[in-house]
Amino acid sequence: MKSKFSDVRLVLLDFDGVITDNYVYVSENGTEVVKCNRSDGIGISRIKKIGIQCCVISSEKNSVVEIRCKKLNIPFKQNVKNKELAVLEFCNEYKVDIKNTLFLGNDINDIPAFKIVGFPVAVSDAYPEVKKYVSYETDAKGGQGAVREVCDLIFNSNK
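Residues numbered from 1 in each chain as written. Predicted model: local features only at pLDDT ≥ 70, side-chain atom pairs only at ≥ 80, totals over all residues. Heavy atoms only, no water.

## Considering the overall build of the protein chain
Here is step 1 of the chain: Helix and strand content of the protein chain: five helices and eight strands.
Here is step 2 of the chain: Ordering the α and β elements of the protein chain from the N terminus gives β-β-β-α-β-α-β-α-β-α-β-β-α.
Here is step 3 of the chain: Over its C-alpha atoms the protein chain spans a radius of gyration of 14 Å, differing by no more than 12% from the 15 Å that the globule rule assigns to 159 residues.
Here is step 4 of the chain: Dimensions along the principal axes, computed over C-alpha positions, put the protein chain at roughly 50 × 30 × 30 Å.
Here is step 5 of the chain: For the protein chain, the proportion of its 159 residues judged to be buried stands at 47%.
Here is step 6 of the chain: Counting only contacts in the protein chain whose residues sit at least 6 apart along the sequence, the fraction spanning at least 24 positions is 53%.
Here is step 7 of the chain: Surface accessibility of the protein chain: about 8000 Å² in total, with carbon and sulfur atoms responsible for 48%.
Here is step 8 of the chain: Looking at the protein chain, you have 23 positive and 21 negative side-chain charges, and the mean spots of the two groups are 7 Å apart. (Helix = DSSP H or I, 4+ residues; strand = E, 2+ residues; numbered from the N terminus. Rg over C-alpha atoms; globule rule 2.2 N^0.38 Å. Buried < 20%, exposed > 50% of the residue type's maximum accessible area, 1.4 Å probe, protein only. Contact = heavy atoms within 4.5 Å. Areas by Shrake-Rupley, 256 points an atom, 1.4 Å probe, with all protein chains shown as cover. Lys, Arg positive; Asp, Glu negative; His and termini not counted. Charge placed at Lys NZ, Arg CZ, Asp CG, Glu CD.)

This is the structure in structure tokens:
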């Protein structure tokens, strides 16, 4: 599959467990904090410079999703109940064929997206149930550079 990364034109990312390490820290006043890897932002920036759009699709509705995506300057959908539909909406919006779309996820709610995209990818610490639906697993864990790894594969295959 690595040689096919040059065919990717749209990258769609789950948030929790992909951009984050799947942990959430909750303060005594209820504020949620997550940990993200800064190198992912550089990877996203590189693929955007070569014309590949990147977006986030999250099942959660949380201000951290919006804040992080705005910082990365990438579109996002949150509180998504149907990830398959969200994938199709982004493909339509950016006029990208589903076969040229990569979805990076980690959990069972990502299976509908994995089933329809041309490039279903899971982080290395994804739940075992999802691994049969993907064509590629990252070496990195979610929140620990998995997004950067995928972006670098795409960027380097488009040189």
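Next comes the rest of the write-up.
## Looking at the sheet that holds strand S4 (residues 53-57)
Here is step 1 of the chain: Judged by pairing direction, the sheet is parallel, and its six strands sit side by side in the order S5-S4-S1-S6-S7-S8 without closing on themselves. Each end of this open sheet is capped by a strand with a single partner; those strands are strand S5 (76-77) and strand S8 (136-137).
Here is step 2 of the chain: One ladder, built from four bridges, connects strand S1 (residues 10-13) with strand S6 (residues 101-105); its direction is parallel. Along S6, the bridge assignment pairs Leu 13 with Leu 104. (Pairing = 2+ DSSP bridges.)

## Considering the pairing of S4
Here is step 1 of the chain: Within S4, four of the five residues are buried, which leaves the element mostly enclosed by the surrounding structure.
Here is step 2 of the chain: As judged from the four bridges shared by S1 and S4, these two strands associate in the parallel manner. Its bridge partner being in S4, Val 11 is matched across the sheet by Cys 54.
Here is step 3 of the chain: The pairing of S4 with S5 spans two bridges and is classified as parallel. Looking at S5, one finds that Ile 57 is bridged to Lys 77.

## Points about the side chain of Lys 83
Here is step 1 of the chain: Inspection of the secondary structure puts Lys 83 in helix H3 (residues 83-94).
Here is step 2 of the chain: What Lys 83 contacts, discounting residues up to four positions off in sequence, is Asp 14, Ile 57, Ser 58, Ser 59, Phe 103, Asn 109, Asp 110 and Ala 113.

## A closer look at empty space enclosed by the protein
Here is step 1 of the chain: Summed over all chains, the structure comprises one cavity of 30 Å³ or more.
Here is step 2 of the chain: In this model, the largest cavity occupies a volume close to 30 Å³.
Here is step 3 of the chain: Along its surface, the largest cavity is lined by Ile 19, Cys 36, Asn 37, Asp 40, Gly 41, Ile 44, Arg 68 and Leu 72.
Here is step 4 of the chain: The set of elements that each furnish at least two residues to the lining of the largest cavity consists of helix H1 (38-49) and helix H2 (63-72).
Here is step 5 of the chain: Ranked by residues supplied to the lining of the largest cavity, first place goes to H1 with three residues.
Here is step 6 of the chain: When the residues that make up the lining of the largest cavity are grouped by side-chain class, the tally is four nonpolar, two polar and two charged. (1 Å grid on protein atoms, 1.4 Å probe; cavity = no way out; pocket = protein on both sides within 12 Å on 5 of 7 lines; lining within 4 Å. Points joined across faces, edges and corners; volume = space filled by probe spheres on them. Nonpolar A, V, L, I, M, F, W, Y, C, P; charged D, E, K, R; others polar.)

## A short note on the environment of Ile 108
Here is step 1 of the chain: One can find Ile 108 in the loop between S6 and helix H4 (111-116).
Here is step 2 of the chain: The spatial distance from the C-alpha of Ile 108 to the C-alpha of Glu 129 is 6.9 Å, given a sequence separation of 21 residues.
Here is step 3 of the chain: Not counting residues within four places of it along the chain, the set of residues in contact with Ile 108 comprises Glu 129 and Val 130.

Note that every value here comes from positions in space, so none of it alone points to a role or purpose.
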